[in-house]
Amino acid sequence: MHPVLHLICAAVLALWDGLLFILSPKSWPFSWHCRLLFTYARHYCICRDKPIVPSTVDHITLFQPSTYKTTTSAGEIDMFGHKSNATYFTDLDIARASHLFSILREGMRSFEIESNNMLAHEMTEKVRDVERGRGISSSGLLRFGMGGVSCNFKKEIKPGQRYEVWTRVCSWDEKWVYIISHFVSRRGRAAEGGRPRSDSVTPLLDEKDPTAPVIHAVALSKFVFKEGRRTLRPREFFQRCRLIPEDGMVSPEDIALKNAIEMKRHKGVKMAQNMAALEEGFSFFETNQSRYY
């Protein structure tokens, strides 16, 4: 090959590689970490003093959705020319974190204060918590332990298309919290990003309306609250976050709110049970059969 032609080909390839790199910000090294840290800093540091909207019977803050806006980058495109199914899960990570950091920041702050107080107590008294003797750590450090994610796909997302991930609490039981997320794009007027909306999903299901949102996929995730190695009951933690009335609150307004929350929680129990049934799949793994390949 002629040296000049070789230089031209090398320049074209370098330009092409550079263009793909610029058009794929969500695929850059440590991009996932940076997106997650930005979400944490935004909700827990910058907006940490922003009060959480009190719940009413007609407006239950715990079940209000939040939206995470993003765009399909070049690095997310598969061989069929649309967003790869595998990349939905990285968007779910950021959308879940954004939602949880937003509505649970009161509880996270209380855990931070308790952790600092306990650390100071251990440093001065030189004693350990009684639970340590049972092999249970109660460090006061809160974390979320993911237990599973299930995603169903309905309509493809095109390259460069703008879409939103609507996320909200669906239900919970004695251990798990279930979160539902919808991948949505707008055919008409765009939605206001990041603000709580009505808990009704009826507008999303009206497909005959030419301006109604388009649902591309729906995902159900389950996770637990962990304080060190100890699992926290979701109801107790939500009460600490001031999202559910305390058990001792027995005014007519509080009782009506408790009933409304319980009715809303029961609506998502069926989906939660279907996801919990996937636990039986572990028993389907068999090692006493010969492999085909």
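Definitions and limits used
- Residues numbered from 1 in each chain as written.
- Predicted model: local features only at pLDDT ≥ 70, side-chain atom pairs only at ≥ 80, totals over all residues.
- Heavy atoms only, no water.
- UniProt positions renumbered as here; feature names shortened; annotations may be inferred.
- Helix = DSSP H or I, 4+ residues; strand = E, 2+ residues; numbered from the N terminus.
- Buried < 20%, exposed > 50% of the residue type's maximum accessible area, 1.4 Å probe, protein only.
- Contact = heavy atoms within 4.5 Å.
- Areas by Shrake-Rupley, 256 points an atom, 1.4 Å probe, with all protein chains shown as cover.
- Phe/Tyr/Trp six-rings, centres within 6.5 Å; stacked < 30°, edge-to-face > 60°.
- Expected span 1.5 Å × (residues − 1).
- Arc of directions from axis to C-beta.
- Salt bridge = Lys/Arg side-chain N within 4 Å of Asp/Glu carboxyl O.
- Core = buried A, V, L, I, M, F, W, Y, C linked by side-chain atoms within 4.5 Å.

The name given to the protein chain in an unreviewed UniProt entry is Thioesterase domain-containing protein, and the organism recorded there is Aspergillus wentii DTO 134E9. The UniProt entry for the protein chain carries this comment under Sequence similarities (unreviewed entry): "Belongs to the lcsJ thioesterase family."

## Looking at the overall build of the protein chain
Assigned secondary structure in the protein chain consists of 8 helices and 6 strands. Starting at the N terminus and walking to the C terminus, you meet the elements of the protein chain as α-α-β-α-α-β-β-β-α-β-β-α-α-α. Counting across all 293 residues of the protein chain, residues that qualify as buried make up 40%. Long-range contacts, defined as pairs at least 24 residues apart, comprise 78% of the intrachain contacts of the protein chain with a sequence gap of at least 6. For the protein chain, the exposed area adds up to about 18200 Å²; of that, 60% sits on carbon and sulfur atoms.

## Side note on the packing of aromatic side chains
Overall, the coordinates contain 12 aromatic pairs when judged by the stated rule. Between Tyr-40 and Phe-101, the aromatic rings sit 5.2 Å apart at their centres with planes inclined by 85 degrees, giving edge-to-face as the arrangement. With a gap of 61 residues between them, Tyr-40 in helix 2 (residues 31-46) and Phe-101 in helix 3 (residues 88-103) connect regions that are remote in the sequence. Judged by its relative accessible area of 31%, Tyr-40 falls in the partly exposed class. In this structure an aromatic cluster arises from ring pairing among Phe-63, Phe-144, Trp-172, Phe-223, Phe-225, Phe-237 and Phe-238.

## Let's talk about helix 7 (residues 252-267)
With 16 residues, helix 7 ought to run about 22 Å at 1.5 Å a step, and its terminal C-alpha atoms sit 23 Å apart, in line with that. What helix 7 keeps buried is the set Asp-254, Leu-257, Lys-258, Ala-260, Ile-261, Lys-264 and Arg-265. Along the long axis of helix 7, the arc covered by the buried residues comes to 165 degrees, so they all point the same way. In helix 7, the exposed positions angled more than 90 degrees off the buried face are occupied by Pro-252, Met-263 and Lys-267.

## Some remarks on the pattern of salt bridges
Two side chains of opposite charge can pair, provided their charged atoms sit close to one another. According to the stated counting rule, one finds 12 salt bridges in the structure shown. Among the ionic pairs, Glu-76 bridges to Lys-26, the shortest N-O distance being 3.2 Å. Remark: Lys-26 occurs in the loop between helix 1 (3-22) and helix 2 and Glu-76 occurs in the loop between strand 1 (66-71) and helix 3; sequence separation between them is 50 residues. We note that Glu-76, like Lys-26, is buried. Of the charged contacts in the structure, one is a salt bridge between Arg-35 and Asp-91, with a shortest N-O distance of 3.0 Å. Residue Arg-35 is found in helix 2, and its partner Asp-91 is found in helix 3; the two are separated by 56 residues along the sequence.

## Some remarks on unusual backbone geometry
A positive phi angle, close to 65 degrees, is found at Phe-30, a residue other than glycine. Its location among the elements puts Phe-30 in the loop between helix 1 and helix 2. Under the relative-accessibility criterion, Phe-30 is labelled exposed at 60%. Of note, the phi angle at Arg-242 is positive, near 65 degrees, even though the residue is not glycine. Position of Arg-242 relative to the elements: it lies in the loop between helix 6 (234-240) and helix 7.

## Concerning the nonpolar core
Ranked by size, the top nonpolar core spans 23 residues in total, and within it Leu-62, Leu-104, Trp-172, Phe-225 and Phe-238 carry the most contacts. Broken down by secondary-structure element, the contributors of at least two residues to this core are helix 3, strand 3 (162-172), strand 4 (177-185), strand 5 (214-227), helix 6 and helix 7. With 3 residues, the single largest contributor to this core is helix 7. In contact with Leu-62, other than residues within four places in its own chain, are Ser-55, Ile-103, Val-169, Trp-172, Phe-238, Leu-243 and Ile-244. By size, the runner-up hydrophobic cluster in this structure holds 12 residues, among which are Tyr-68, Tyr-88, Ile-94 and Val-165.

## What to know about helix 2
Over its 16 residues, helix 2 extends 21 Å from the first C-alpha to the last, a length consistent with the 22 Å expected when each residue adds 1.5 Å. Along helix 2, the residues that are buried comprise Ser-31, Arg-35, Thr-39, His-43 and Tyr-44.

## Looking at the environment of Leu-104
As for its placement among the helices and strands, Leu-104 is situated in the loop between helix 3 and helix 4 (105-125). Distance in space between the C-alpha atoms of Leu-104 and Phe-238 is 7.8 Å, their sequence separation being 134 residues. Apart from the residues within four sequence positions on either side, Leu-104 is in contact with Phe-144, Phe-225, Phe-237, Phe-238, Cys-241 and Leu-243.

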